[in-house]
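# Structural overview for review
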Amino acid sequence: MDFDSIFDQHYPPLVRYCHRLTGDGDVAEDIAQESLVRLFDREVTGTEAGMRSWLFKTATHLVRDRYRVETNRDRLLMENPFRPSGPESPVIRLERAEARAHARAALDALAPRDREILLMRYAGFSYKEIAGAIDVAATSVGTLLARAERRFAEVVTEAGRKAI
Amino acid sequence: MKHLDEATMLAIRDGADASAEAREHLGGCATCAAALEGTRRRAESIAETLSALDRPLEPTAAKAGVRARVGTRSPRTSSRWSGWHLGRAAALVLLTAGAATALPGSPLRSILLPDSAEETTATEAELLDAPVTPSSAEPGLVDAGIQVGLPEGVVEVVVRGADPGTEVLVEWSDLAAARVTAPPGSRFTYSAGRIELDAARGEIRVVFPRGADQISLEVDGRSYMSGSPSEVEVTGPAVERDDGSVRFRVDDS
Ligand SMILES: [Zn+2]
């Protein structure tokens, strides 16, 4: 596979995953780009699925190593949107901001490893792939995922109730 | 009868390994079948909630940036001013809601990029071809930004046209790049290790990499801060300062 097809295939889902993981769109793009640079620099080859796992694992580790959750730009922007103009109606914008806030609150309520597991699962990875990327036993993934899903759903429900 | 635990249920839902007995139990147990259905609904709802966090992506500039960086990494040198010889540094554009232009052929470029002009010119041609339209359906939440990588050390940020009262927030990051974001309509000019900004009205955000050897920030001809990240000298009108950031408010002087 050439540079373009690898990039086109992996960059968008990787950014999405990193964005969900960090809550910061810019950091997400940085980390996705850094992961891809490393993939090409180290000439990582293999199946498509193998490359995908490698990229997500690398990105997860970069987030763990480098990213401090408290400097969360999206959250700042959500709280202080300094240019609140645009084609959308204020109601839709508000609903969207609310949905984002709920999702963020639910993710923030999870332990970092549970968050990684949940987000990798919802990025379409199998339990085996998740185990390989997150350094947990494959047999534990189900248990950890169940806990993460329960907690996530609880926080979203709770937040929805408060909003009404 | 012992019902299935949730982890087993999820393993079945997600097509992971589950024992034959578990599958058999599920076939004959209405309680577990209903619980499994519940976990499916929960999964749909979680997927939908998570999608609220996603935003549209314009990967053209990112692709050019990654292409430019591949194979360019050299070991960091500790020499203080080695950053002036950014032999194979690359620049990349991140969010581009404003206009971004490089400085082809300027003296600055030839100082910063003494021995890789060809390589970098090709890259910048691609960068300039990248669309500069707002990349998000929510323009209110997206400002314009530019980022330059610095495989080795020096980064300079120059801001022009900041009205009195404009806030300039400087933060530190562990990433190996410097970044400036500003409101839509701002104009960026950049080369390796240097970002120039003609600012539109609104808050300006500067992120310097902690790993830089030397950083500097100049606003309308006045030095706001300079030095190494560990011993930075703040000379601008700072209104707030802590370990991770400095906030300036541009004054009349
Ligand atoms: Zn049962």
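You'll find the structure just up there.
The paragraphs below set out a description of the structure included in this document. Predicted model only: the values in this text are computed from it and were never measured. (Residues numbered from 1 in each chain as written. Chains lettered and ligands numbered in written order. Predicted model: local features only at pLDDT ≥ 70, side-chain atom pairs only at ≥ 80, totals over all residues. Heavy atoms only, no water.)

A few words now on the overall build of chain A. When helices and strands are counted, chain A shows eight helices and zero strands. Its helices and strands taken in sequence order, chain A reads α-α-α-α-α-α-α-α from the N to the C terminus. A total of 164 residues make up chain A; the buried ones form 49% of that total. Counting contacts in chain A only where the partners sit at least 6 residues apart, residues at least 24 apart contribute 65% of the total. (Helix = DSSP H or I, 4+ residues; strand = E, 2+ residues; numbered from the N terminus. Buried < 20%, exposed > 50% of the residue type's maximum accessible area, 1.4 Å probe, protein only. Contact = heavy atoms within 4.5 Å.)

Before going further, it helps to examine the pairing of strand S13 (residues 238-241) of chain B. Remark: a regular strand shows side chains that alternate across the two faces of the sheet. All names here are of chain B. Both S13 and strand S14 (residues 245-249) contribute to a ladder of three bridges, which runs antiparallel. Its bridge partner lying in S14, Glu 240 is registered against Arg 247. Here S13 folds back onto S14, and the loop between the two strands holds three residues. (Pairing = 2+ DSSP bridges.)

This part takes up the coordination of the zinc ion. All names here are of chain B. Distances from the zinc ion to its protein donors, His 3 (ND1), His 25 (NE2), Cys 29 (SG) and Cys 32 (SG), fall at 2.0 to 2.3 Å. Given four donor atoms and angles of 99 to 123 degrees at the metal, the environment of the zinc ion is assigned as tetrahedral. All donors to the zinc ion come from one chain, and their sequence spacing reads H-x21-H-x3-C-x2-C. Residue His 3 is found in the segment before helix H1 (6-13), and its partner Cys 29 is found in the loop between helix H2 (20-28) and helix H3 (30-51); the two are separated by 26 residues along the sequence. (Donors = N, O, S within 2.8 Å, 3.2 Å for Na, K, Ca; no water. Tetrahedral: all angles 85-135°; square planar, octahedral: opposite > 155°, others 65-115°.)

Below, the discussion takes up the packing of aromatic side chains. Residues and elements named next belong to chain A. Taken as a whole and judged by the stated rule, the model has seven aromatic pairs over all chains. Measuring from ring centre to ring centre gives 4.7 Å for Phe 56 and Phe 125, while their planes differ by 65 degrees; the resulting arrangement is edge-to-face. Of this pair, Phe 56 sits in helix H3 (residues 48-66) while Phe 125 is found in the loop between helix H6 (112-121) and helix H7 (127-134), placing the two residues 69 residues apart along the sequence. As far as the burial class goes, Phe 56 and Phe 125 line up, both buried. What links up through ring pairs into an aromatic cluster is the set Phe 3, Phe 7, Tyr 11 and Phe 40. For the cation-ring pair, Arg 52 lies above Phe 56, with the distance from its terminal atom to the ring centre recorded as 5.5 Å. One Lys or Arg, Arg 52, reaches over the ring of Phe 125 and ends 4.0 Å from the middle of that ring. (Phe/Tyr/Trp six-rings, centres within 6.5 Å; stacked < 30°, edge-to-face > 60°. Lys NZ or Arg CZ within 6 Å of the ring centre and 35° of its normal.)

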